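Fold and geometry: a report
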Amino acid sequence: MGRIQSSTGLTTGIDIQGIVTKLMQIESIPRDALTTRQASLKAQQAAVTDLTAVAIGVQLSIRRLSKPELFTTTKIASSNPSMLTANSTATVAPGQYQFVPARLAQASHAISSGVAASDDLLGEGSLSFRFGGQIDTAVSLSELNGGAGVPRGQIRVTDRSGATGVIDLRYAQNIDDVLTAINESGTVSVEATAQGDRLVITDRSGGTANLRVQEVGGGTTAAGLGLAGINVAADTANGQDIVKLFEGIQLNRLRDGNGLSLRPAVPELSITYRDGSTKSIDLDPTGSPTPRTLGDILDVLNAADPTKLEAKISADGERIELTDLTSGGGNFIVASAAGGTIAEELGLAASVASNTLTGSRIVSGLKTTLITSLSGGDGLGTLGTIALTDRSGATVTVDLSTAETLDDVIDAINDAGLDITATYNDARNGLKLTDTSGATTGNLIVADGDANNAATKLGLAANVAATSINSGALQRQSVGRATLLSSYNGSKGVSQGSFKITNSLGATGTVNLTTLKPKTVGDIIDAINGLNINVTAQINAAGDGIELVDGANGTGKLTVADQGTGRAAADLHLAGEATGTTLNGSTTITINVTNTDTLESVIEKINDLKVGVTAGVLNDGSGSLPAHLSLLSSVTGSAASLQIDGSGLGLSFRELTKAQDAVLQLGSSATTGTLIASASNSYKDIVPGLNVSLAGAGTDVVTVTASQTGESAASALQLFVDQYNKLRTKLDTYTNYNVVDGTVGALFGSSEALRLDSDLARAVGGTYFNGGTVRSLAQLGVTPGEDGKLTFDKSLFEAAYNDNPADITEFFSDETRGFAQLTDKLMESLVGKDDSVLITRFESLQRQVDTYTNDIEKWGLRLTKIQERLFNQFFQMESIVTSIRNNLTAISQIQYISPVSSSSNS
């Protein structure tokens, strides 16, 4: 049966809709009562939720007050923030700490020789650069004089004209710092150079008096530099030998920083004594601490076979010497064992008829490189003679057979008496010979003098109508198994994360540095070789990175890819695809320049690599050669010194800013203070818990004061007061009764709200009997007002804290009777997640709301049916009325027919 569509009866004119609406309002009274009640419950529920949230805020502020360290925080203040700032990340012992911010860290910045214009073609060639690895790297002063170092202080230099200058070496870190300080003093005309194991002072004044070096103020700095007592009527004065091995030298400082290729639990040396007996020696034995110093290695050797073998540092202090204590007619033989290379690295791989075997030099000079470190660490082998011819036609043969360092080579050539000068090249990766004869017609010639091919090995063999010969890169090894990963990428290190290696057959293996926690390059190599996927990891031929060699002989390509967002493979320079079967992780960046490249396009190529070096254009404004390639390292510190070789493009580079470490002196005294270097200007935990950052450099003392302060505790207490007052405001709102209009808050009369109010008020105003003298919050400046809200008198708290911080700490943080502990338990009973007062009330309200929801839904269905019934009844009534009316109309249309008279029919 259909519903009447019109709100008014078509026949009766009755307001059906209005009548039904009125009737439904009466029928809906029970449902509306339920809805009103449900709304009240939801309002209570919302109020309980709001109170719970605010009360939890109170509880969290209380828990913060329970932490003892909150009351022992230290206030850090620097006497000169423009030079040095400080902060703490942990508790710092109160006191004054004095520092001298001697030097700021710097990044390497170099520019090239000029080119015509930045958009001109450069020509075909290559440009390479890398961090560190220069062949004239300066030795640290701490490693000189057999580990005794160089005493800090000043020296006085007097040139032959009589000019005198005091050279301040109090903050020098390495031999370069010494050379720079002397050569840039501006007061004396002398030049200091490092030659082999000693310093050389050369007078440039042209005077005739004596050249002198003296101590200042009773110091011993000149003696430490081997310069003490110089007083000569000559233009040149040689210092003493100050390079000596010592037992405490770290292994990773040996062999030009490449250390020794130790392998745990594997024999390193095989010894055959003259009596015919043999011995295998593991230099890193299981169960013993890993050797860290040369002394550790000597201890292992001397303990391995004490009646037959003795190991010590040689008399010249540059190598290890082994002595066979046995007797017999055989040879004393030392070799590497189990595929290792230690005997070769120490120069001990030999067979001698005597009882003494002396190794090769394992520590270079002040600013030079071992011959054994060249060619990627393979060395140049035995050097012999070279034949030199200057451009005037004069010739000489130079014997290099005893040379162990590049300085030895340079000295031998320069001492040969020919008009040829040997130096390190501009790129600091090889040698340069320069003809000084002044002749212009003859050729400069360097040739091998014997079958040892020394000139060829040194890259100097040439016959040119020019004044110089450049050896090119001699490939000093800069990466070995012992190389620390923290030194990679200019000491930026290698990121955590994992990378996947896929060989040419599709087999894969993953190296996870996060779980492996490797320290050295050797750790990475061993991890890769342990994957057993027929991929071999090893030091590359150039000695500047790891290379992977695929031995699977598949049709695919060896690839390495970082996993997720990690950069471990990229930082190791291994991410990518192999060329042939080899993936070379060289840390040297080579930019191949085509004949269509300009300076601008080369700059774009460099910057696209994102390797920590930013390229740009500098214009010198000369108009003739206005464009220079600028290379700026994004990494500071001496290890991030840029080694740039632009010879392939005919470009030379000069250093605008030298890469250097920051230097900070701990202590006020230049003689007793400790110098600490940092690659950045920041020092973490310089003393436990204290961090400092250098903002400027100078020799003035900066005092950092660390004092115990209650500021953090006061802030925490203020937060508690604020949170408590916020809760107090909420309680006032939700339990309010308005006497004017009779309105009430959502929780008026609620026992839960009243309990929260009263219990917390008692806790705040209560007395706590602990072991200290502080028993209440009122003693600390926290008091309630007439409205129940708290006020906090910070000055009263600070006075109490300054008087007795320990008792305040105990009042709050005592684990059994402290305010924070007890009040936190109270709050847990009121608002905790398990059966607390407010949570239980919320759950009770939720159950009631759910019940009312069901009842309201039922009433909704019932009212829908009632409304449908009412409309149907009105429809039926309208139908009946319509039918009656239609019948009446029909009846009314019936006409009266009178009967026919009989007389009319007759």
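As a reminder, the structure under discussion sits directly above these lines.
Residues numbered from 1 in each chain as written. Predicted model: local features only at pLDDT ≥ 70, side-chain atom pairs only at ≥ 80, totals over all residues. Heavy atoms only, no water.

1. Some points on the pattern of salt bridges
Keep this limit in mind: For this analysis, a salt bridge means a side-chain nitrogen from Lys or Arg found within 4 Å of a carboxyl oxygen belonging to Asp or Glu. Note on conventions: DSSP H or I runs of at least 4 residues are helices, E runs of at least 2 residues are strands, and numbering of each starts at the N terminus. Under the scheme applied here, a residue whose accessible area is under 20% of the maximum for its type counts as buried, over 50% as exposed, and between as partly exposed, the area being computed with a 1.4 Å probe on protein chains only.
If you walk through the whole model with that rule in mind, you get 32 salt bridges. A salt bridge links Lys-75 to Glu-711, with the nearest nitrogen and oxygen atoms 3.8 Å apart. Of this pair, Lys-75 sits in strand β1 (residues 74–78) while Glu-711 sits in helix α15 (residues 711–734), and the two are 636 residues apart along the sequence. For Lys-75, a relative accessible area of 42% translates into the label partly exposed. Between Glu-268 and Arg-263 there is a salt bridge, with its nearest N and O atoms 3.8 Å apart. Since its relative accessible area comes to 1%, Glu-268 is described here as buried. Salt bridges linked by common partners bring Asp-197, Asp-316, Glu-318, Arg-319, Arg-361 and Glu-404 together as one network.

2. Re the pairing of strand β16 (residues 320–324)
To keep things clear, this is the line we draw: One bridge is not enough; two strands pair if DSSP finds at least two bridges between them.
The buried fraction of β16 is high, at five of five residues. Judged by which residues are buried, β16 turns out to be covered on both faces: Ile-320, Leu-322 and Asp-324 on one side and Glu-321 and Thr-323 on the other are all buried. Bridge count between β16 and strand β19 (residues 356–358): three bridges; the pairing is antiparallel. What sits directly across from Thr-323, in β19, is Thr-356.

3. Quick word on the packing of aromatic side chains
Quick note on the threshold: Two rings from Phe, Tyr or Trp (for Trp, the six-membered ring) form a pair when their centres sit within 6.5 Å of each other. Planes less than 30 degrees apart are called stacked, planes more than 60 degrees apart edge-to-face, and all others tilted.
A full pass over the atoms with the stated rule returns 11 aromatic pairs. With centroids separated by 5.9 Å and ring planes inclined at 10°, the aromatic side chains of Phe-811 and Phe-819 adopt a geometry described as stacked. A relative accessible area of 0% means that Phe-811 is categorised as buried. Exposure remark for Phe-819: the relative accessible area of 0% places this residue in the buried category. Both rings, one in Phe-812 and one in Phe-819, keep their centres 6.0 Å apart while their planes meet at 85°; by these two values the pair is edge-to-face. Put simply, the rings of Phe-71, Phe-720, Tyr-724, Tyr-768, Phe-811, Phe-812 and Phe-819 touch in pairs and so form one group of aromatic residues.

4. Notes on the environment of Gln-708
Quick reminder of the rule: Two residues form a contact once any of their heavy atoms are found within 4.5 Å. Here a polar contact is taken to be a pair of N or O atoms separated by no more than 3.5 Å, where protein atoms must pair a possible hydrogen donor with a possible acceptor and residues adjacent in sequence count only if both atoms sit in side chains.
For Gln-708, the location among the structural elements is in strand β43 (residues 702–708). The exposure class assigned to Gln-708 is partly exposed, which follows from its relative accessible area of 36%. Put simply, Gln-708 and Leu-127 are 581 residues apart on the chain and 57 Å apart in space, counted from C-alpha to C-alpha. Every residue in contact with Gln-708, bar those within four places of it in the chain, is listed here: Phe-71, Thr-72, Thr-73, Thr-74, Pro-94, Tyr-801 and Pro-805. A polar contact is formed between the side chain of Gln-708 and the backbone oxygen of Phe-71, at a distance of 3.4 Å. Polar side-chain contacts of Gln-708 include one of 3.0 Å to the side chain of Tyr-801.

5. As for the pairing of β43
In terms of strand pairing, β1 meets β43 through five bridges, oriented antiparallel. Bridge pairing in β43 links Ile-76 to Ala-706.

6. A word on the sheet that holds strand β30 (residues 545–550)
As a reminder of what qualifies: Note on geometry: axes are lines fitted to C-alpha atoms, helical ones only across the stretch in contact, with angles between N-to-C directions running from 0 to 180 degrees.
Pairing within the open sheet is antiparallel, and its three strands lie in the order β29-β30-β33. The open sheet has two free edges, formed respectively by β29 (535–539) and β33 (582–586), since each of these has just one partner strand. Sheet twist, expressed as the mean angle between neighbouring strand axes with direction ignored, is 15°. Sitting on the sheet, helix α12 (residues 521–529) touches β29 and β30, and the angle it makes with β29 is about 165°.

7. A few points about unusual backbone geometry
In this model, Asn-489 sits at a positive phi of 55°, which is unusual for a non-glycine residue. Relative to the elements of secondary structure, Asn-489 occurs in helix α10 (residues 488–491). Even without glycine at this site, His-573 takes up a positive phi of about 65°. Residue placement: His-573 occurs in the loop between α13 (568–571) and β32 (576–577).

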